Amino acid sequence: MTEPAVKYHLKKKEKHTGARLGTLETPHGTFPTPMFMPVGTQATVKAISPRELKEMGAGIILSNTYHLWLRPGEELVAEAGGLHHFMNWDQGILTDSGGFQVFSLAQMRDITEKGVHFKSHLDGRNLFLSPEKAIAVENALGADIIMSFDECPPFFESYDYIKKSVERTSRWAERGLKAHKHPDRQALFGIVQGGGHKDLRELSAKALVSLDFPGYSIGGLSVGESKAEMNHVLDFTTPLLPENKPRYLMGVGSPDALIDGVIRGVDMFDCVLPTRIARNGTCMTSHGRVVIKNAVYAHDFNPLDDNCDCYVCQNYTRAYLRHLFKAQETLGLRLASYHNLYFLLHLMKQIRQAIADDNLLDFREQFFEEYGYNKQ
Ligand SMILES: CNc1nc2c(CCNC[C@]34C[C@H]5C[C@H](C[C@H](C5)C3)C4)c3nc(N)[nH]c(=O)c3cc2[nH]1
Ligand SMILES: [Zn+2]
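Each value, and the rule that gives it
- Residues numbered from 1 in each chain as written.
- Chains lettered and ligands numbered in written order.
- Predicted model: local features only at pLDDT ≥ 70, side-chain atom pairs only at ≥ 80, totals over all residues.
- Heavy atoms only, no water.
- Phe/Tyr/Trp six-rings, centres within 6.5 Å; stacked < 30°, edge-to-face > 60°.
- Lys NZ or Arg CZ within 6 Å of the ring centre and 35° of its normal.
- Donors = N, O, S within 2.8 Å, 3.2 Å for Na, K, Ca; no water.
- Tetrahedral: all angles 85-135°; square planar, octahedral: opposite > 155°, others 65-115°.
- Buried < 20%, exposed > 50% of the residue type's maximum accessible area, 1.4 Å probe, protein only.
- 1 Å grid on protein atoms, 1.4 Å probe; cavity = no way out; pocket = protein on both sides within 12 Å on 5 of 7 lines; lining within 4 Å.
- Points joined across faces, edges and corners; volume = space filled by probe spheres on them.
- Helix = DSSP H or I, 4+ residues; strand = E, 2+ residues; numbered from the N terminus.
- Nonpolar A, V, L, I, M, F, W, Y, C, P; charged D, E, K, R; others polar.
- Axes fitted to C-alpha atoms, helices over the stretch in contact; angles between N-to-C directions.
- Parallel < 35°, antiparallel > 145°, perpendicular 65-115°, else oblique.
- Left-handed = near helix turned anticlockwise from the far one by under 90°.
- Contact = heavy atoms within 4.5 Å.
- Near = heavy atom within 4 Å.
- Polar contact = N/O pair within 3.5 Å; in protein donor to acceptor, adjacent residues only side chain to side chain.
- Areas by Shrake-Rupley, 256 points an atom, 1.4 Å probe, with all protein chains shown as cover.
- Salt bridge = Lys/Arg side-chain N within 4 Å of Asp/Glu carboxyl O.
- Pairing = 2+ DSSP bridges.

Caption draft 1: Just the packing of aromatic side chains, in detail. Under the counting rule described, the total for this entry stands at 14 aromatic pairs. Between Phe-155 and Phe-156, the ring centres sit 5.1 Å apart and the planes meet at 75°, which makes this aromatic pair edge-to-face. Note on Tyr-316 and Tyr-320: the rings are 5.6 Å apart at their centroids and 15° apart in plane angle, and the pair reads as stacked. A network of ring pairs unites the aromatic residues Phe-343, Phe-363, Phe-367, Phe-368, Tyr-371 and Tyr-373 as a single cluster. One Lys or Arg, Arg-364, reaches over the ring of Phe-368 and ends 4.1 Å from the middle of that ring.

This is the structure we're talking about:
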């Protein structure tokens with residue numbers, strides 16, 4: 001039996017919740033969990049350099065199979081020696097399988113047992129992605145953690161549709177496991193589906209756990225359902241997964257969703273939010289969101305966030321950041337992206353400390369109060 005590429009070590013369970021403190025050992029370093037993973041869509045975290053990512057404490061970042069397969073092509077990335085060399089990132093990389101992208105970006109053609117036929121969103125070419133093809137692309141890209149090829153059905157699809165989709169996704173997961181060429185250096189995660197249905201989540205988790213993946217993603221969420229619904233699904237899904245394996249909630253999220261996901265036993269998160277909202281000048285701060293182009297900040301010579309010790313908050317004022325956005329200077333979106341990423345990475349650090357101190361619920365109370373979330 002080859003050593004798994006990625007090992008999760010559970011260090012401590014928080015006394016009052018399902019939260020856990022752990023470490024994730026990968027071929028490119030060992031990182032503390034719970035963790036937030038910055039998203040790089042086309043082999044770059046938009047507007048931020050690897051040096052800045054390291055400076056802010058990012059460990060594992062995401063890249064994107066679908067885009068890189070279409071452009072520049074996985075062969076070119078493999079020729080460059082794989083993603084780490086290509087993008088000059090020597091810490092952890094995780095790639096999604098492209099399934100989510102196909103369902104959300106491309107003009108759909110049809111889903112068959114074999115895989116998905118669709119048209120490229122770039123040039124309309126007819127393309128086909130199957131579990132075998134997706135895993136082959138992820139093997140060529142060389143990320144430390146790769147995802148199974150799955151279908152993420154709409155949350156409000158019919159029970160029958162979601163049941164059929166779960167069964168097919170489980171068959172696809174098994175085919176992906178068989179096609180995976182480097183289990184010794186790339187950890188393939190299974191992705192649990194099942195919408196909002198407890199029995200379908202059980203059906204999905206049982207099938208995937210029997211295949212003994214080194215880690216499990218919780219898919220099919222953060223697709224338009226309410227936060228209460230997402231938390232309800234997590235309440236009965238995380239307990240279905242092995243305690244000694246990492247759990248990755250895909251596409252989440254906002255500060256409240258991160259805290260509530262950790263409370264329910266999630267270890268890993270990714271979300272495009274911090275860099276996406278930064279591009280129009282929306283910043284996350286300890287006092288809630290600041291839309292920096294607002295006139296109210298024109299003469300505000302305070303830092304973006306007086307509780308933040310990041311490079312941006314230590315060296316620039318709200319008035320200056322507002323000026324940059326009004327003048328459409330690219331430094332504006334760089335600084336806003338930097339702070340937003342730092343904010344979420346720092347939030348995870350505070351969450352890890354709260355788990356160590358067994359006061360995660362008090363931390364949630366204070367953070368929600370200060371950020372302006374209404375407490376459920
Ligand atoms: C937002 N809500 C949400 N996301 C989801 C994702 C993508 C996670 N992010 C990876 C991704 C997706 C895009 C944008 C960036 C870069 C790259 C392409 C990889 C992050 C999901 N991915 C898969 N394979 N399956 C899901 O069920 C799923 C559900 C999600 N629900
Ligand atoms: Zn800051």
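Caption draft 2: Expanded view of the coordination of the zinc ion (ligand 2). The coordination sphere of the zinc ion (ligand 2) contains the protein donors Cys-308 (SG), Cys-310 (SG), Cys-313 (SG) and His-339 (ND1), at a distance range of 2.1 to 2.3 Å. For the zinc ion (ligand 2), the 4 donor atoms are set out with angles of 101 to 116° between them, so the coordination reads as tetrahedral. Mapping the donors of the zinc ion (ligand 2) onto the primary sequence yields the spacing C-x1-C-x2-C-x25-H. On the basis of relative accessibility, which here comes to 8%, the residue Cys-308 falls in the buried class. You can call Cys-313 buried: its relative accessible area is 5%.

Caption draft 3: Local environment of the layout of surface pockets. Looking at the largest pocket, its volume works out to about 880 Å³. Phe-100, Gly-251, Asp-270, Cys-271 and Val-272 are, among the 39 residues lining the largest pocket, the residues nearest its centre. Of all the elements in the fold, those that place two or more residues in the lining of the largest pocket are strand E5 (60–64), helix H5 (99–104), helix H9 (227–237) and helix H11 (273–278). Looking at the lining of the largest pocket residue by residue, the classes come out as 15 nonpolar, 16 polar and 8 charged.

Caption draft 4: Structural context of the packing of helix H6 (residues 131–141) against helix H7 (residues 159–179). Between H6 and H7, the least distance of the axes is 8 Å, while the angle of their chain directions is 45°. One way to sum up the angle between H6 and H7 is to call them oblique. As H6 packs across H7, the resulting crossing turns out to be right-handed. Contacts between H6 and H7 involve Pro-131, Glu-132, Ile-135 and Asn-139 from the first element and Trp-172, Arg-175, Gly-176 and Ala-179 from the second. Grouping the constituent residues of the contact of H6 with H7 by class yields 4 nonpolar, 2 polar and 2 charged.

Caption draft 5: View of the site of ligand 1. As a matter of local geometry, ligand 1 sits amid 21 residues, with Asp-96, Asp-150, Gly-220, Leu-221 and Ser-222 nearest to it. One of the side-chain N or O atoms of Asp-96 is found 2.7 Å from a nitrogen atom in ligand 1. Note that a nitrogen atom of ligand 1 is positioned 2.7 Å from one of the backbone N or O atoms of Leu-221. In isolation ligand 1 has 620 Å² of accessible area, and contact with the protein removes 91% of it. Secondary-structure elements contributing two or more residues to the shell around ligand 1 are E5 and H5.

Caption draft 6: Up close: the pattern of salt bridges. Tallied over the full model, the rule gives 20 salt bridges. As a salt-bridge pair, Arg-168 and Glu-151 come within 2.8 Å of each other at their nearest N and O atoms. With Arg-168 in helix H7 and Glu-151 in the loop between strand E10 (145–147) and H7, the pair connects residues that are 17 residues apart, well separated along the chain. Salt-bridge contacts for Lys-178 lead to Glu-174; the nearest nitrogen and oxygen are separated by 3.6 Å. Taken together, the residues span about one helical turn, with Lys-178 and Glu-174 both in helix H7 at a distance of 4 residues. On the basis of relative accessible area, Glu-174 is assigned to the partly exposed category, the value being 36%. What emerges from the salt-bridge pattern is a single network uniting Asp-235, Asp-260, Arg-264 and Arg-364.

Caption draft 7: Examining the sheet that holds strand E9 (residues 126–129) more closely. Strand order in the open sheet formed by 3 strands is E7-E8-E9, and the pairing between neighbours is antiparallel. Each of the sheet's edge strands pairs with one partner strand only, and the pair in question is strand E7 (107–111) and E9. Averaged over all neighbouring strand pairs, the angle between strand axes comes to 25°, with direction disregarded.

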